[in-house]
Amino acid sequence: MSAGRPARWTRRHLELLADAAATTAPVIDFAAMPRILPDHDLWDLWPVQEEDGSTCVISGQELWMALSAPILGHPEERHDQARIRLLAKDGDRWADLGHAFADGASPGSREWSGSAVRRPDGTVSVFYTAAGRRGETPPTFRQRVVETRPALVADGREILLDPGAGHRELLRSDGLMYLPAEETTGAPGRIRAFRDPGWFRDPADGREYLLIAASVAEGDRFGGAIALAGTRDGAWSLLPPLLVAEGINHELERPHIVVHRSRYYLFFSTQRHTFHPDGSAPTGLYGFAAPSLTGPYEPLNGSGLVLRNPRAEPDQAYAWLVLPDLHVVSFANYRSFPGVDLRSAPAAQARAGFGGTIAPILKLTLNGTATSIGR
């Protein structure tokens, strides 16, 4: 691909997938993982960043956000109750700082993943996905990108976001470059996407961008894409996609970029059941590299695979996020039960196999377009 034109992730790349130790995560010991929120599931973590990409530190604690929902019923139902949580990290210890926003502040019926950056004036720009409409029953799957910019209030080790800040819609799929994400019915893995805004400041031009999990018209319904949006004079606009899964995958989730040794590394997560055919590639972290934000991109390790769950535990973790120091965070998803898909199993069985907390942190090594993973 040439710069400025979408990269294509194709079946030809997937044919290069190799079952290698360098791209396989260690098996997780679910029993050894502490629950940060005893009464809530926790998933999809991201740090509050400084504008240089580093993690924000207040009173000696790193600030993080994650999705949360009460532990009720089937784990898959958590998406219908998701709220953004503010967390503090002090070494290996995590502390719950409560919901990031006041009840009813979001324009959606729930809050899905995003990103956050602290501004020089002491506010925090939180970009997130507003799903559905406030007060709706049952929940729908309309998705749009929203920003709120509350002041960060810190009094000793007590940290919160000003609950009075407004929430404004920034972007929605345009129906031209990106398919509308406005379905009234559906389920995770089977709906169009316009979500997971990942903030990025390009060191080449100093401009701010958002990477968004999106959908384009490619083949049947397998048109997962990574949309790009840019801002000028405070106004956001959609740009052509950076990457399109050419008829092979439905969802390229939680896209983000890390610049390392002058290369732009574009990462995203996807699940085995969103590939076409189902299960033709593993649940994992995938990535591409380029000399600039707009390309030309080439897949890491030939196939795009950066990190996969082990064969014995194909769903043990998900929603990987690579930090600028190349540490990789994720959440503990489902343990494996032979012959059982816990996503559709009875609630009690699924709950017994669900992690719902932070997974062990891994470390990524990047060497050009070759990668390896370690603890």
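Throughout, a residue's number is its position along its own chain's written sequence, starting from 1. Owing to the predicted nature of the model, reporting of local features is limited to residues with pLDDT of at least 70; listing and counting of side-chain atom pairs is limited to 80 or more, with chain, interface and lining totals taken over all residues. Excluded from the side-chain calculation are hydrogens and water; included are all heavy atoms of the structure.

Trainee: Give a description of the overall build of the protein chain that names residues and reports values.
Mentor: On a plain count of helices and strands, the protein chain comes out with two helices and 26 strands. Overall, the protein chain is about 55 × 50 × 40 Å in size when its C-alpha atoms are taken along their principal axes. Whether two residues are in contact is decided by their heavy atoms, any of which lying within 4.5 Å being enough. Contacts in the protein chain between residues at least 24 apart in sequence constitute 59% of all its contacts with a sequence separation of at least 6. Residue-level accessible areas treat just the shown protein chains as cover; the underlying method is Shrake-Rupley with a 1.4 Å probe. When the accessible surface of the protein chain is summed, it comes to about 15,000 Å², and 50% of that surface belongs to carbon and sulfur atoms. Charged residues are defined narrowly, with Lys and Arg counted positive, Asp and Glu counted negative, and His plus the chain ends left uncounted. A charged residue contributes its charge at one atom only: NZ of Lys, CZ of Arg, CG of Asp or CD of Glu. For the protein chain, the separation between the mean place of its 39 positive charges and that of its 44 negative charges on side chains is 2 Å. The helix count covers DSSP runs of H or I at least four residues long, the strand count covers runs of E at least two residues long, and both are numbered beginning at the N terminus.

Trainee: Pulling in residues and values, what's your account of the pairing of strand β19 (residues 284-290)?
Mentor: Only protein chains enter the accessibility calculation, which uses a 1.4 Å probe; a residue whose area is less than 20% of its type maximum is buried, one above 50% is exposed, and one in between is partly exposed. Buried residues dominate β19, accounting for seven of its seven residues. Any two strands are treated as partners once DSSP identifies two or more bridges connecting them. Two strands pair when backbone bridges link them, and strand β18 (residues 263-270) and β19 are joined in this way by seven bridges, in the antiparallel orientation. Opposite Tyr 265, over in β19, you have Ala 289 as the bridge partner. Bridge analysis of β19 against strand β21 (residues 305-308) gives three bridges, and the strand direction is antiparallel. Looking at β21, one finds that Leu 285 is bridged to Leu 307. Pairing geometry for β19 and strand β20 (residues 298-299), over two bridges, is antiparallel. Looking at the pairing, Phe 288 lines up with Pro 299 of β20.

Trainee: Please set out the side chain of Arg 119 residue by residue, giving values where relevant.
Mentor: When you line up the elements, Arg 119 lands in the loop between β7 (110-118) and β8 (124-131). Filtering out sequence-adjacent residues up to four positions away, Arg 119 remains in contact with Glu 51, Ser 125, Phe 127, Arg 149, Trp 199, Arg 201 and Glu 208.

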